[in-house]
Amino acid sequence: MDYFHEEMQRGLAGGQGALKMIPTFIGRPTGAEKGGFLALDLGGTNLRILDVTLAGKGKAHVTATDRFVIPPSLMGGSGEDLFSFIADCVKHFLRRFKNGGPLRDSLAFTFSFPVEHLSISSGKLISWTKGFTAGGVVGRDVAALLNEALKSKGAGFITVEALTNDTVGTLAAGSYADSTCDMGVILGTGTNACYAERANRIGKLPGLPPPDAEMIVNMEWGNFDRIPRNGYDHALDRASSNPGRQCLEKMASGLYMGEIARRILVEMMRQGLIFRGADPSLFTAEYSLSAEQMAVVVQGGDFPRESGVRELSEVDRRSVCSVFCIVSRRAARLAATAIAAVVLWMDKNLDHFHTIAVDGSLFLKYPGFQAEMLFSLADLLGDRAKWIKFAPTQDGSGTGAAIVAAVASFARAMD
Ligand code: BGC
């Protein structure tokens, strides 16, 4: 937690550190915002499009939604093809729900990668994460790329009103309905968090907003690297598409949890400790074990047939489950420690109640993950842990983007 605070301080002051601490130029919503928006959520392997109506009084309604799988070839292809695919999905959505006619002209774009904001509706991609490598996008304004792609597909009547990170969307969704919510966390394919910071603590933005105002800061905590790592972590990192980066993410998120466990299983097989007599090529393909499969096995289920593992013997099941448990427990405890560090940064003596909006499949679905995080908070903070509450905010990032767009259009109207 001390190291975390040092890196937060450094990032807010504009120094080169592990935490980028990106100002988003937006504060939390009041709950009174109203309006209708199209929201587009590019997270990891899926793209979601939603039609959202904000009714005020903390109530948001999703009136239409569709989900598209991003083909792996597009994650690693050209940026142009990726954005052209996204624009096609938007057109498909409009055709499906409104016979091709204009549904909304304001688009809220949740882009779940590190972006340096130029304004509330524009920002440059700093680097790809979560296995994406699409060419020609790093350093470019992703909102402009989407606007261009929409235009070239004849959907130029839609423009990006707000560009937001999924953590910011999650915090916006959480705080729209509950004013004690001051932090948004994603524990899914990747991991990250944002929180409401006092503007006068953001040293790298001198004199911009009134000093007593608050601004949401996207921490990009997945890149935190002052944690001891073991041989499996180093090997995974070396073989990844972004070596040396996203250290915490590689220890505490869904995309990598399966890969760490797979590497341990392969080593145990090599030492003859499990799966004796099985095909030695078992689990040798990288990323062939997912967190979803781990969840099935720890709940008493089997590995999928394609993995090549036949029925698990009782002894093997116990060993495999212990490995999965160690890997997931470490992830949960790291995530809880990071949350505790941020809450103590906001409120040194824990004098106030803090609701943390959390989204992501690891948090929502992995057996025992939430419970382990709660144990960990109690270990770290003792009795004071009761001042922290998790609010599972499923699909908050999409709805939240619409809320951010509403806050932005309100701020523009006031200018
Ligand atoms: C990205 C973050 C994002 C997180 C969760 C990370 O890889 O860098 O921007 O919030 O994943 O989706």
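Right, let's walk through the structure included here. (Residues numbered from 1 in each chain as written. Predicted model: local features only at pLDDT ≥ 70, side-chain atom pairs only at ≥ 80, totals over all residues. Heavy atoms only, no water.)

### Some words on the overall build of the protein
We apply this condition: In this description a helix means any DSSP run of H or I spanning at least four residues, a strand means any run of E spanning at least two, and both kinds are numbered starting from the N terminus. Every radius of gyration here is taken over C-alpha atoms, with the globule rule written as 2.2 Å times N^0.38, N being the number of residues. What makes two residues a contact is simply this: any of their non-hydrogen atoms within 4.5 Å. Per-residue and other accessible areas were derived by the Shrake-Rupley procedure at a 1.4 Å probe size, with only the shown protein chains allowed to occlude residues. Under the counting rule used here, the positive set is Lys and Arg, the negative set is Asp and Glu, and His together with the chain ends is not counted. Note that the charge is assigned to NZ on lysines, CZ on arginines, CG on aspartates and CD on glutamates.
A count of helical and extended segments in the protein gives 13 helices and 13 strands. By the compact-globule yardstick of 22 Å for 415 residues, the protein fits well, its C-alpha radius of gyration being 22 Å. Sequence-distant contacts in the protein: of pairs separated by 6 or more residues, those separated by 24 or more amount to 69%. When the accessible surface of the protein is split by element, carbon and sulfur atoms take 52% of a total near 17700 Å². When the 43 basic and 44 acidic side-chain charges of the protein are each reduced to a single mean position, those positions are 1 Å apart.

### What to know about helix H3 (residues 79–98)
Working note: α-helix, 3.6 residues per turn, so residues spaced by three or four point in the same direction. Rules: How far a helix is expected to stretch is found by multiplying one less than its residue total by 1.5 Å. Relative accessibility thresholds used throughout: buried, under 20% of the residue-type maximum; exposed, over 50%; partly exposed, between the two (1.4 Å probe, protein chains only).
With 20 residues, H3 extends 28 Å between its outermost C-alpha atoms, agreeing within 8% with the 28 Å of an ideal straight helix rising 1.5 Å per residue. Among the residues of H3, Gly79, Leu82, Phe83, Phe85, Ile86, Ala87, Cys89, Val90, Phe93 and Leu94 are the ones counted as buried. Against strand S2 (34–42), strand S3 (46–56), strand S4 (59–69), helix H2 (72–75), strand S5 (106–111) and helix H4 (142–152) lie the buried residues of H3.

### Let's talk about the pairing of S5
Look at any regular strand and the pattern is simple: side chains alternate between the two faces of the sheet. Let me state the cut-off plainly: Paired strands, in this sense, are two strands between which DSSP finds at least two bridges.
Most of S5 sits inside the fold, with six of its six residues counted as buried. On S5, burial covers both faces: Ser106, Ala108 and Thr110 on one face and Leu107, Phe109 and Phe111 on the other are all buried. Alignment of S2 against S5, held across five bridges, turns out to be parallel. Bridge pairing links alanine 39 to alanine 108 in S5. Taken together, the five bridges between S5 and strand S8 (residues 159–164) define a ladder with parallel strand orientation. Each residue of the ladder has a partner; that of phenylalanine 109, found in S8, is leucine 163.

### Let's talk about the site of the ligand
Put simply, the rule is: The nearness test applies per residue and asks whether one of its heavy atoms lies within 4 Å of the molecule or strand. Think of a polar contact as two N or O atoms within 3.5 Å of one another; within protein, one of them needs to be a possible hydrogen donor and the other a possible acceptor, and neighboring residues in sequence only count if both atoms come from side chains. Under the scheme applied, nonpolar residues are Ala, Val, Leu, Ile, Met, Phe, Trp, Tyr, Cys and Pro; charged residues are Asp, Glu, Lys and Arg; polar residues are all the others, including Gly.
Around the ligand there are 15 residues in total, and Thr129, Asn165, Asp166, Glu220 and Glu249 lie nearest to it. At 3.4 Å, a backbone N or O of phenylalanine 113 approaches an oxygen atom of the ligand. For the ligand, an oxygen atom lies 2.6 Å from a polar atom in the side chain of aspartate 166. Contact with the protein chains removes 98% of the 310 Å² of surface that the ligand exposes when unbound. Considering only residue class, the shell around the ligand consists of three nonpolar, eight polar and four charged.

### Topic: the environment of lysine 57
Tracing the sequence through the fold places lysine 57 in the loop between S3 and S4. A relative accessible area of 80% means that lysine 57 is categorised as exposed. Leaving out residues up to four positions away in the same chain, lysine 57 has contacts with Gly31 and Ala32.

### Describing the packing of aromatic side chains
Using the following cut-off: Ring geometry is summarised as follows: Phe, Tyr and Trp rings, the Trp one being its six-membered ring, pair when their centres sit within 6.5 Å, and such pairs are stacked at plane angles under 30 degrees, edge-to-face over 60 and tilted between the two. For a lysine, the NZ atom is tested; for an arginine, the CZ atom; a charge sits over a ring if that atom is within 6 Å of the ring centre and within 35 degrees of the ring normal.
Counted according to the given criterion, the structure contains 17 aromatic pairs. Consider the rings of phenylalanine 303 and phenylalanine 324, whose centres lie 6.2 Å apart with planes at 85°: the pair is edge-to-face. With phenylalanine 303 in the loop between helix H9 (291–298) and helix H10 (314–346) and phenylalanine 324 in helix H10, this pair connects stretches of sequence that are 21 residues apart. Residue class for phenylalanine 324 comes out buried when judged on its relative accessible area of 0%. Over the ring of phenylalanine 113 we find lysine 130; its NZ or CZ atom is 4.6 Å from the centre of that ring.

By themselves, these observations are geometric and do not establish any function.
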